[in-house]
Amino acid sequence: MRQRSSFVPRAMSSIFAACLFAVAMTSAAAAEMPALKNLSQPDPGHYASGAVSPADVDALAKAGIRNVINLRPASETPDFDEANAVRAAGMNYESLPIASADDLNRANVDRFDALLKKQEGTPSLVHCASSNRVGALMALRAGWIKGQSVDEAVAVGKQWGLASLEPVVREKLAAQH
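Residues numbered from 1 in each chain as written. Predicted model: local features only at pLDDT ≥ 70, side-chain atom pairs only at ≥ 80, totals over all residues. Heavy atoms only, no water.

A.B. asks: How would you summarise the confidence of the model for the protein chain if you had to cite specific residues and measurements?
C.D. replies: In the predicted model, the protein chain carries a mean pLDDT of 87, and the fraction of residues at 70 or more is 82%. Note that pLDDT drops below 50 for residues 11-31; the model gives that stretch 5 contacts with residues more than four away or on any other chain. (pLDDT = per-residue confidence, 0-100. Contact = heavy atoms within 4.5 Å.)

A.B. asks: Provide a residue-level description of the packing of helix H4 (residues 106-118) against helix H5 (residues 132-144), including the pertinent values.
C.D. replies: The geometry of H4 relative to H5 is characterised by a closest axis approach of 10 Å and an angle of 95 degrees between their N-to-C directions. Judged by the angle between their axes, H4 and H5 are roughly perpendicular. Together, Arg106, Val109, Phe112, Asp113 and Leu116 of H4 and Leu137, Met138, Leu140, Arg141 and Trp144 of H5 make up the contact between the two elements. Across the contact of H4 with H5, the residue classes break down as 7 nonpolar, no polar and 3 charged. (Axes fitted to C-alpha atoms, helices over the stretch in contact; angles between N-to-C directions. Helix = DSSP H or I, 4+ residues; strand = E, 2+ residues; numbered from the N terminus. Parallel < 35°, antiparallel > 145°, perpendicular 65-115°, else oblique. Nonpolar A, V, L, I, M, F, W, Y, C, P; charged D, E, K, R; others polar.)

A.B. asks: Describe the layout of surface pockets, and please don't skip the residues or the numbers.
C.D. replies: A probe as big as a water molecule, rolled over the atoms, marks out the empty space that is left. Of the voids in this model, the largest pocket is the one considered here, and its volume is about 270 Å³. For the largest pocket, the lining is made up of 15 residues, of which Asp43, Leu116, Met138, Arg141 and Trp160 are closest to its centre. Looking at the lining of the largest pocket, the elements that each hand over two or more residues are H4, strand S5 (124-127) and H5. Among the residues forming the lining of the largest pocket, the class breakdown is 6 nonpolar, 4 polar and 5 charged. (1 Å grid on protein atoms, 1.4 Å probe; cavity = no way out; pocket = protein on both sides within 12 Å on 5 of 7 lines; lining within 4 Å. Points joined across faces, edges and corners; volume = space filled by probe spheres on them.)

A.B. asks: How would you explain the nonpolar core if you had to name every residue and give the values?
C.D. replies: Counting 29 residues, the largest nonpolar core has Leu71, Phe112, Val134, Leu137, Val169 and Leu173 as its most contacted members. Contributing elements (two or more residues each) for this core: H4, H5, helix H6 (150-159) and helix H7 (166-176). Residue contributions to this core peak at 8 residues, all from H5. In this structure, valine 169 is in contact with Ala136, Ala139, Leu140, Val154 and Leu162, ignoring residues within four places of it in sequence. Counting 16 residues, the second largest nonpolar core, distinct from the first, contains Val52, Ala63, Ala83 and Val86. (Core = buried A, V, L, I, M, F, W, Y, C linked by side-chain atoms within 4.5 Å. Buried < 20%, exposed > 50% of the residue type's maximum accessible area, 1.4 Å probe, protein only.)

A.B. asks: How would you explain the side chain of arginine 72 if you had to name every residue and give the values?
C.D. replies: For arginine 72, the position within the fold is in the loop between strand S3 (67-70) and helix H3 (82-88). Overall, the relative accessible area of 12% leaves arginine 72 in the buried class. Within the local environment of arginine 72, its side chain forms a polar contact with the side chain of glutamate 76, the two groups lying 2.9 Å apart. Sequence-distant contacts of arginine 72, that is, excluding residues within four places in its chain, are made with Ala51, Thr77, Pro97, His127, Cys128, Ala129 and Arg133. (Polar contact = N/O pair within 3.5 Å; in protein donor to acceptor, adjacent residues only side chain to side chain.)

A.B. asks: A description of the side chain of asparagine 70 should follow, citing residues and the corresponding values.
C.D. replies: With respect to the helices, strands and loops of the structure, asparagine 70 is situated in strand S3. Take asparagine 70: its relative accessible area is 3%, and that puts it in the buried class. Not counting the four nearest positions on each side in its chain, asparagine 70 is found in contact with Glu82, Tyr93, Glu94, Ser95, Leu96 and His127.

A.B. asks: Describe the packing of H6 against H7, with residues and values.
C.D. replies: The geometry of H6 relative to H7 is characterised by a closest axis approach of 10 Å and an angle of 145 degrees between their N-to-C directions. With respect to the hand of their crossing, H6 and H7 are arranged in right-handed fashion. On H7, the residues that touch Val150, Asp151, Ala153, Val154 and Lys158 of H6 are Glu166, Val169, Arg170, Leu173 and Ala174. Class assignment for the residues of the contact of H6 with H7 results in 6 nonpolar, no polar and 4 charged. (Left-handed = near helix turned anticlockwise from the far one by under 90°.)

A.B. asks: Help me get a handle on the sheet that holds S3, residues and values and all.
C.D. replies: The sheet built from 5 strands is open, its strands ordered S1-S2-S5-S3-S4 with mixed pairing. On the outer flanks of this sheet lie strand S1 (40-43) and strand S4 (92-95), each paired with one strand and no other. Within the sheet, the average angular offset between the axes of one strand and its neighbour, ignoring direction, is 25 degrees. Pairing of S3 with S5 involves 4 bridges; the strand directions are parallel. Residue asparagine 70 lies in a different strand from S5, and its bridge partner there is histidine 127. (Pairing = 2+ DSSP bridges.)

Here it is in structure tokens:
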């Protein structure tokens, strides 16, 4: 009689252990995130928040964040060179200034989508002052690029921080559907 190999159970044990380790590492990274305003984690490895301060930058790097997308215009943070601080901490930095609802247009949503695709698969933070503009761009991306309905797109936006810009986002999405 031929003996069964124990390779399959050992392989499954190794895969299970690797999955547990990955979950533990993700949980540990989430626990180390600095207390940013309106911090959320809508997708694994992707965070949205309000303003980032100079004191938050090293904590973001230690928490495993590798990319930061800043939606605030430089005029909102005249005393903080976020780009240099983020890069000095070893993270990638991108800026897409969204100063007002007028900047919530197809060209900026396309740029935003390109930035997200470029950073796909690595832990990232997208932020503005409150996370409202983050949510607005995510909702517009969901509607215009991903083809979701207005209500579905707004629900995505709310997961990312959409709040007071919801009426503007709904109007822009309805105009394009």
